[in-house]
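# Results of the structural survey
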Amino acid sequence: MKSYIVVGAGILGASTAYHIAKTGAHVTVVDREDPGQATGAAAGIICPWLTRRRNQAWYQLVKNGAAFYPSLIEELHALGETETGYANVGAIRLHKDEKKLEQVLQIALKRKGSAPEMGEVKKLSPEEACALFPPLNSSYGAIYVSGGARVNGSMLCGSLIRAAKAYGAKVIHGDASLIEEGQVIKGVQVNNEKKYADEVIVTGGAWAKELLKPLRLHFFLRPQKAQIVHVDLPGATTDEWPVVIPPGNHYLLTFGGSRLVAGATHEDHAGFDPRVTAGGVQDVLEKMLETAPGLKESTLVETRVGFRPITPDSVPVMGAWPPYSGLLIANGLGASGLTAGPYLGSQLAKLALGETLDVDLEDYDLAKAIQVME
């Protein structure tokens, strides 16, 4: 049985490790627990079907990712991992403009034929939308999709790692560097120890760029800072409230109890600055209160910061990089990490195990994001 080292334990690495470990292969996960890991900060919206983004490689990945969730959650439950942070609560896409609502509805109905996991799709009046999510601005109509879901990134990632360990995987916390001998990646050095394996899989998120530099590979990968605000609404029970997708690039969802999450900023020039900033919080709160003025008296609980890994065309990449052998790389999940990450991890595991993939690897070619340094 081959052995594998997975470097990076965000949602992609955790899923990859789990799917390899359950075959009986030897897996070691190495993670240095950087502050600002995207998965740890993220609140995921599993509702890719209403997007107007045209890139088909990206859409197929997130569509497959949404369809993958029920079976994955069932597997985890069977292993005793019942607190995965995933809940099928439905989603509502908001618009004030009736014409735009109708356009979204037509997109949803057209896609439902190839995505039955969408469930029920229907238009809601402002009154019906507010009945589902009481703090909403009453001027928004909505398109409702019953198959929409939410996920707590930290909880799901923890479940996947524990499940991988149940199958024998080991976890090491520390700063890894690649061991290369004659263009063969033999393993990693971590905590002053050398760990060897047949294959090293780099899933280091926004930090993977530095790991590949010694191989003279330039990874066109950048961090995109996200600030995500958590509030508590006293007296409310929000467990069953749907995910809310307003116009623009922000969202509202609940984590059960009376906790709500509002996100998120998309800061392209902040680097790895982990600070919560006044401007970032203002941006999130202004959009939150425009969408749901009923949250005006909610209690500010915390603001989390994460760094999304972004490739040049904002589509994930995955594969081997000849002439190096013993090395696989996957990255670039961006803002759709919690939708696509578990599924992409299953595909990366298949690639490592020599199995047939369910995606066309050419659509996620590493050459789109990596260049050999001169």
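Note: the structure precedes this text.
Being a predicted model, the structure only gives us computed values, none of them experimental. (Residues numbered from 1 in each chain as written. Predicted model: local features only at pLDDT ≥ 70, side-chain atom pairs only at ≥ 80, totals over all residues. Heavy atoms only, no water.)

Before going further, it helps to spend a moment on the overall build of the chain. Summing up its helical and strand segments, the chain has nine helices and 22 strands in all. Against the globule reference of 21 Å for 374 residues, the chain gives a C-alpha radius of gyration of 21 Å, in line with a compact fold. Along the first, second and third principal axes, the C-alpha set of the chain runs to 65 × 45 × 45 Å. Here the chain holds 374 residues, and the buried ones make up 56% of them. A sequence separation of at least 24 residues applies to 74% of the contacts in the chain between residues at least 6 apart. By element, 50% of the accessible surface of the chain is carried by carbon and sulfur atoms, the whole surface being about 15500 Å². One finds the centroid of the 36 positive side-chain charges in the chain at a distance of 3 Å from the centroid of its 40 negative side-chain charges. (Helix = DSSP H or I, 4+ residues; strand = E, 2+ residues; numbered from the N terminus. Rg over C-alpha atoms; globule rule 2.2 N^0.38 Å. Buried < 20%, exposed > 50% of the residue type's maximum accessible area, 1.4 Å probe, protein only. Contact = heavy atoms within 4.5 Å. Areas by Shrake-Rupley, 256 points an atom, 1.4 Å probe, with all protein chains shown as cover. Lys, Arg positive; Asp, Glu negative; His and termini not counted. Charge placed at Lys NZ, Arg CZ, Asp CG, Glu CD.)

Backbone hydrogen bonds hold the strands of a sheet together, and the pairing may be parallel or antiparallel. Strand order across the open sheet formed by three strands is 10-11-12, with antiparallel pairing between neighbours. Edge positions in the sheet fall to strand 10 (177–181) and strand 12 (193–196), since each has one partner strand and no second. Across the sheet, the mean angle separating the axes of adjacent strands is 35 degrees when strand polarity is ignored. The pairing of strand 11 (residues 184–190) with strand 12 spans four bridges and is classified as antiparallel. Paired with valine 188 across the bridge in strand 12 is lysine 195. (Pairing = 2+ DSSP bridges. Axes fitted to C-alpha atoms, helices over the stretch in contact; angles between N-to-C directions.)

This brings us to the pairing of strand 13 (residues 199–202). Taking every second residue as pointing to the same face, both faces of strand 13 are buried, with Glu199 and Ile201 on one and Val200 and Val202 on the other. By the bridge criterion, four bridges tie strand 1 (residues 3–7) to strand 13 in an arrangement that is parallel. Bridge pairing in strand 13 links tyrosine 4 to glutamate 199. Sheet topology places strand 13 next to strand 21 (residues 327–331); three bridges connect them, and they run parallel. Note on strand 21: the bridge partner recorded for valine 202 is isoleucine 329.

Evaluated as defined, the whole model comprises seven aromatic pairs. Between phenylalanine 68 and tyrosine 343 the ring centres are 5.7 Å apart and the planes differ by 65 degrees, which places this aromatic pair in the edge-to-face class. Highlighted residues: phenylalanine 68 in helix 3 (residues 56–78) and tyrosine 343 in helix 9 (residues 337–353), separated in sequence by 275 residues. For the pair phenylalanine 68 and tyrosine 343, a shared accessibility class is recorded, and that class is buried. When the centroid spacing of 5.0 Å and the interplanar angle of 10 degrees are considered together, the rings of tyrosine 69 and tyrosine 86 count as stacked. Pair noted here: tyrosine 69 is in helix 3 and tyrosine 86 is in strand 4 (residues 86–87), with a separation of 17 residues, a long-range link. For tyrosine 69, a relative accessible area of 0% translates into the label buried. (Phe/Tyr/Trp six-rings, centres within 6.5 Å; stacked < 30°, edge-to-face > 60°.)

Okay, the sheet that holds strand 20 (residues 317–320) next. With respect to topology, six strands assemble into an open sheet ordered 9-2-1-13-21-20, the strand pairing being mixed. Of all the strands in the sheet, just strand 9 (170–173) and strand 20 have a single pairing partner and so form its edges. For this sheet the average axis-to-axis angle between neighbouring strands, irrespective of direction, equals 15 degrees. Contacts from helix 9 reach strand 1, strand 13, strand 20 and strand 21, with the element oriented near 10 degrees to strand 20.

Moving on, we get to the pattern of salt bridges. Taken as a whole, this structure holds 17 salt bridges when the rule is applied. Here arginine 32 makes a salt bridge to aspartate 175, at a shortest N to O gap of 3.1 Å. Placement of arginine 32 in the loop between strand 2 (26–31) and helix 2 (38–41) and of aspartate 175 in the loop between strand 9 and strand 10 is noted, with a sequence separation of 143 residues between them. A salt bridge links glutamate 98 to lysine 123; its shortest N-O distance comes to 2.9 Å. Taken together, the positions of glutamate 98 in helix 4 (residues 98–112) and lysine 123 in strand 6 (residues 121–124) put the pair 25 residues apart, joining distant regions of the chain. Classification of glutamate 98 as partly exposed rests on a relative accessible area of 48%. Judged by relative accessible area, which is 30%, lysine 123 ranks as partly exposed. By sharing partners, the salt bridges in this structure join Arg32, Asp34 and Asp175 into a single network. (Salt bridge = Lys/Arg side-chain N within 4 Å of Asp/Glu carboxyl O.)

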